Amino acid sequence: MGIRQRRSRVAMVLDGSWEFAWLGEESDLSEQALASPALLQQLVYHERAPVPGCFDTMPGLAGCRGTAAYRTWIEQQDEELGVIHFDGVGIWAAVFVDGTLMHVQRKPYSPFTVEVDANGPAKRELIVIIDNRFHEVRSPLQENYFDFYAFGGIFRPVTYLPLGRNHIARTELVTTSIAPPKLSATLYSSRSFSAEVELEVDGESVFAGTLDLSESGTTVELDLSGLALWSPEKPALHTLQIHAHGEGVDDVLAERFGLRTVEVKGREVLLNGKPLSLFGWNRHETHPQFGPALPHQLMAQDLAFFKQASANFVRGSHYPQDDRFLDLCDELGMLVWEESLGWQQGERHFQNAEYQRLITEQQREMIEAHFNHPSIVMWGFQNEMASDKEGAREVVARLAATSREADPSRPVTFATCRFPDDRCLDLVDIISLNMYPGWYAADNDEYRPLAEIGTRLSESIAELARQGLGEKPLIISEIGAGAIYGWRDAHSGHWSEQYQTDYLLEVIAQVAQRDEIMGLALWQFCDGRTYGSSRALGRPRSFNNKGVLDEYRRPKQAFNAICETRRWK
Ligand code: ADA
């Protein structure tokens, strides 16, 4: 047979202007439509809304909580089935195709897919009901005590993949050696079938043969001698092209990857065998006009600011990240800590079986979806959970095990603010401490000098050693101070840009002096909307103002000072 006309997999991008209906703050359609989808036929779409987008940043809907309906259409041709991929929605969603309930999404920020049958050319109706109200049963992962605002909408891209019933579902690509470079490629298929498989890397054939593919995965070991490694300094990327064809299968999938290894050795995290020194920020996906539905250009701008400050590390606080952002991190050599959704979960969550089921599911799904991003160097979970309380150990053990089972190739961690009373740090590979010496104090009338920063760091290091944890890598995963953009004060009072500058330069200087600390993630990259309510007095403007840029990415004095004088290892 001559050169086979290989079908190239074509993804239909569904982003754009969808029909839209705001159903109000009292609507119970979210519940009713699940019971009787016929109700959807009564919907009248008066408006249109952008996807990706958040309806509660649109004029007239800012701050509203209730139910919205989005609708678009999918043109099917000769495919055997279609897979709709949602990269992230919030807070809760129900997906209907031609009036049939296909999926209920209860995990904000998680990617998910909906499989649609195909029977020849057809125009299929896709309706997504979004509810951005808090609901501890329907959406237990997102609560309004978190210190970041939960928006509502279809935050991230939606694509439609016309496929055969037999197709490659996903891959897991693990660098097993860097000298010479070797890659272990595991192919997961939609169901069990045998196929002629050809693998090409950057257009060069590296494997050809018959494989019995299955949902549990089939692994091929590839010797990729001569290919460049991925590193922050030289983020070389390669493309694995998978062609599977034969009886009942004709599929092709391209997967980008980077050749690099990550391992923990004593107090070091090694990338390609070299110790890492991590410096950067915690970053929320947030903007006053877009919520978490950030335009691609803004993501690129954010990372340009990281680079301007010679940062090499971003903690995706506190939920699964936009895949496009992770692509940019791969391309720019920005190292990533990615974590599932969490914010100070406590004993009531430990005892909530449904919460535990969903968060464990989100952890596994996040890892499977983002497995091949070389920029991700560690998996996290449960930010600032009550890890000093009864029941915490079981939760950390489960999430650490879930992470290691899904991906043995990366270390796991979680950020604690309970140290030295933590009960769980021996269960993770990397110790990550959140602390705010010199900013928060037990007694709000207490004077809190910047000298507290060095003292707290030294005390923490000594206590970790006393607890037998001194031989693990240590990251200061959150530390920072607030500043109101534009507030310049000769007295360097709290909330002034000067105070924040003094604070952060002291942090960097103190951390840089301590070899026991291999990573620093300042809190936080840019200001982000939070809630007024209980913490209004500590959140002027109902924003978390600890960004070194404001919410519109206007640099504060601290950012410029860090760029000019940052001393790092
Ligand atoms: C905690 C939390 C952050 C933020 C920070 C703050 O460390 O993890 O999300 O709320 O405190 O600004 O106080």
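Right above here is the structure, for reference.
One structure accompanies this document, and this report is about it. Owing to the predicted nature of the structure, the values given are computational and were not obtained by experimental measurement.

So, on to the pairing of strand E12 (residues 158-163). Strand direction decides the pairing type here: strand E1 (residues 12-13) and E12, joined by two bridges, are antiparallel. Within E12, the position partnered with Met12 by the bridge is Tyr160. Alignment of strand E6 (residues 81-86) against E12, held across six bridges, turns out to be antiparallel. When the bridges of E12 are listed, Leu81 appears paired with Leu163.

Our next topic: helix H2 (residues 296-308). Note on helix geometry: an α-helix contains 3.6 residues per turn, so any two residues three or four positions apart are oriented the same way. In this model, H2 (13 residues) spans 18 Å end to end at C-alpha, consistent with the 18 Å of a helix rising 1.5 Å per residue. At its buried positions, H2 is contacted by strand E23 (278-282), strand E24 (313-316), helix H3 (323-332) and helix H9 (557-565). Just past H2, the residue Ser310 takes up positive phi, approximately 55°.

We now examine the pairing of strand E28 (residues 430-434). Counting buried positions along E28 yields five of five residues, so the element is predominantly enclosed. Of the two faces of E28, the one holding Ile430, Ser432 and Asn434 and the one holding Ile431 and Leu433 are both buried throughout. Examined bridge by bridge, strand E27 (residues 413-416) and E28 share four bridges and lie parallel to one another. In the sheet register, Thr413 faces E28, and the bridge partner there is Ile430. Sheet topology note: the E28/strand E29 (residues 474-478) ladder contains four bridges and is parallel. When the sheet's bridge partners are listed, Asn434 is paired in E29 with Glu478. Crossover E28 to E29 through helix H7 (residues 451-466) is right-handed.

To continue, consider the site of the ligand. Lining the immediate surroundings of the ligand are 13 residues, of which Asp147, Glu384, Tyr440, Glu478 and Lys546 lie closest. Here an oxygen atom of the ligand and a side-chain polar atom of Tyr436 are 3.4 Å apart. Of the pockets mapped on this structure, the ligand occupies the second largest pocket.

When the terminal C-alpha atoms of H7 are compared, their 23 Å separation across 16 residues agrees well with the 22 Å that a helix rising 1.5 Å per residue should span. Along H7, the positions that sit buried rather than exposed are Ile453, Gly454, Leu457, Ser460, Ile461, Glu463 and Leu464. Where H7 is buried, its residues contact E28, E29 and helix H8 (497-512). Once H7 finishes, Gly468 follows within two positions and takes phi at roughly 75°, a positive value.

Each neighbour pair has its own omega, and for Ala179 with Pro180 the value is 0°, a cis peptide bond. Position of Pro180 relative to the elements: it lies in the loop between strand E13 (168-178) and strand E14 (181-189). In this chain, Phe419 is followed by Pro420 through a cis amide linkage whose omega measures 10°. Considering the arrangement of structural elements, one finds Pro420 in the loop between E27 and E28. Here Asp98, not a glycine, exhibits a phi torsion of approximately 50°, which is positive. By the element assignment, Asp98 lies in the loop between strand E7 (92-97) and strand E8 (100-105). Positive phi, normally seen in glycine, also occurs at Ser492, with a value near 50°. By the secondary structure assignment, Ser492 is in the loop between E29 and H8. Under the relative-accessibility criterion, Ser492 is labelled partly exposed at 22%.

With that out of the way, let us pick up empty space enclosed by the protein. This structure, assessed with the given rule, holds two cavities of 30 Å³ or more. Taken together, Leu173, Val174, Thr175, Phe257, Gly258, Arg260, Phe371, Asn372, His373, Pro374, Ser409 and Arg410 make up the lining of the largest cavity. Looking at the lining of the largest cavity, the element that brings in the most residues is E13, giving three residues. Looking at the lining of the largest cavity, its residues break down into five nonpolar, five polar and two charged.

Estimates place the volume of the largest pocket at around 1800 Å³. Every residue lining the largest pocket is counted, 48 residues in all, and those nearest its centre are His85, Leu161, Ala169, Arg170 and Ala369. Looking at the lining of the largest pocket residue by residue, the classes come out as 18 nonpolar, 14 polar and 16 charged. If you add up the space inside the second largest pocket, you get close to 570 Å³. Contributing to the lining of the second largest pocket are 27 residues, with Glu384, Cys417, Asn434, Met435 and Tyr436 lying nearest its centre. Secondary-structure elements contributing two or more residues to the lining of the second largest pocket are E28 and H7. A per-element tally of the lining of the second largest pocket places H7 first, with four residues.

Parameters at a glance
- Residues numbered from 1 in each chain as written.
- Predicted model: local features only at pLDDT ≥ 70, side-chain atom pairs only at ≥ 80, totals over all residues.
- Heavy atoms only, no water.
- Pairing = 2+ DSSP bridges.
- Helix = DSSP H or I, 4+ residues; strand = E, 2+ residues; numbered from the N terminus.
- Expected span 1.5 Å × (residues − 1).
- Contact = heavy atoms within 4.5 Å.
- Buried < 20%, exposed > 50% of the residue type's maximum accessible area, 1.4 Å probe, protein only.
- Right-handed = clockwise from strand over helix to strand, strands pointing away.
- Near = heavy atom within 4 Å.
- Polar contact = N/O pair within 3.5 Å; in protein donor to acceptor, adjacent residues only side chain to side chain.
- 1 Å grid on protein atoms, 1.4 Å probe; cavity = no way out; pocket = protein on both sides within 12 Å on 5 of 7 lines; lining within 4 Å.
- Sits in = over half its atoms within 2 Å of the grid points.
- Points joined across faces, edges and corners; volume = space filled by probe spheres on them.
- Nonpolar A, V, L, I, M, F, W, Y, C, P; charged D, E, K, R; others polar.

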